[in-house]
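Architecture at a glance
Single-letter residue listing:
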Amino acid sequence: LNRSVPNSDAQPDLAVTDVSAPTTVGAGDEVAVEVTVTNVGGDIRAASTWKDGAWLSKSPTYSLAATEIGVKQHTGPLAAGASYTVTLTGPARAFEQGGHSIIVRTDLAQQVTEPDETDNATTRGIVLTVPTLTPGGPAVHVQVATGASRLVRIPATAGRTVSITATPATAN
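Reading the values: rules and limits
- Residues numbered from 1 in each chain as written.
- Predicted model: local features only at pLDDT ≥ 70, side-chain atom pairs only at ≥ 80, totals over all residues.
- Heavy atoms only, no water.
- Helix = DSSP H or I, 4+ residues; strand = E, 2+ residues; numbered from the N terminus.
- Contact = heavy atoms within 4.5 Å.
- Polar contact = N/O pair within 3.5 Å; in protein donor to acceptor, adjacent residues only side chain to side chain.
- Core = buried A, V, L, I, M, F, W, Y, C linked by side-chain atoms within 4.5 Å.
- Buried < 20%, exposed > 50% of the residue type's maximum accessible area, 1.4 Å probe, protein only.
- Phe/Tyr/Trp six-rings, centres within 6.5 Å; stacked < 30°, edge-to-face > 60°.
- Pairing = 2+ DSSP bridges.
- Axes fitted to C-alpha atoms, helices over the stretch in contact; angles between N-to-C directions.

Looking now at the environment of Thr-49. Among the secondary structure elements, Thr-49 is positioned in strand E4 (residues 49–57). The spacing of Thr-49 and Thr-75 is 26 residues in sequence and 4.4 Å in space, taken between C-alpha atoms. The contacts of Thr-49, once residues within four sequence positions are left out, are Gln-73, His-74, Thr-75 and Gln-111. At 3.4 Å, the side chain of Thr-49 and the side chain of Thr-75 are in polar contact.

Our next topic: the nonpolar core. One broad rule of soluble globular proteins: the nonpolar side chains tend to lie buried together. Ranked by internal contacts, the top residues of the largest apolar core, which has 26 residues, are Val-33, Val-35, Leu-56, Ile-102 and Val-104. If you list the elements that add at least two residues to this core, you get strand E1 (14–20), strand E3 (30–39), E4, strand E6 (83–91), strand E7 (98–106) and strand E8 (121–129). In terms of residue count, the dominant contributor to this core is E3 (four residues). When near neighbours in sequence (up to four residues on either side) are disregarded, Val-104 contacts Val-16, Val-19, Val-33, Val-35, Gly-53, Ala-54, Asn-120, Ala-121 and Thr-122.

Another aspect to go through is the packing of aromatic side chains. All chains considered together, the criterion is met by two aromatic pairs. Both rings, one in Trp-50 and one in Tyr-84, keep their centres 6.3 Å apart while their planes meet at 50°; by these two values the pair is tilted. Within this pair, whereas Trp-50 is found in strand E4, its partner Tyr-84 is found in strand E6, the two being separated by 34 residues in sequence. For the ring pair Trp-55 and Tyr-62, a centre distance of 5.2 Å and an interplane angle of 70° mean the geometry is edge-to-face. Looking at Tyr-62, the relative accessible area reads 35%, which means it is partly exposed.

Two modes of strand pairing occur in sheets, parallel and antiparallel, and in both the strands are linked by backbone hydrogen bonds. With antiparallel pairing, three strands are arranged side by side in an open sheet as E1-E3-E6. Two strands bound the open sheet, and with one partner strand each, they are E1 and E6. The average undirected angle you get between the axes of adjacent strands in this sheet is 30°.

Shown next as structure tokens:
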């Protein structure tokens, strides 16, 4: 009789098994990345602690140039075969529009001893859009939260002066 049963005596092995994120987001807008992590190895019996994170990058490979979307700490045991889902939320900070990658990683500091670290990360594509403010064109409303910044594109012509007026939103 052959059957597959998780081996609770094996080493734990955390794996990013699903990522859900929008395919398009405005630069500076909040982006929510839903991540499912599964323990494809043995039980994590003790109340262990590790972190899950998501970053935005022009490259599909994590580097210090990637900007953080969000990081959350996970604490607790995780049985063999069990999984959990976490939502990592933050602004889509980037300096150019177009194709980018969302890079998702679990066990960031390798606090859980695992036989396979290669399944701890994955990427998803996302397109960042940037509003264009055309001098002399129609007004474009761009909301910016207090203390935040937004990327906008302004096509400028040599010899022309561009003037921008910012007004605070009125309370309703």
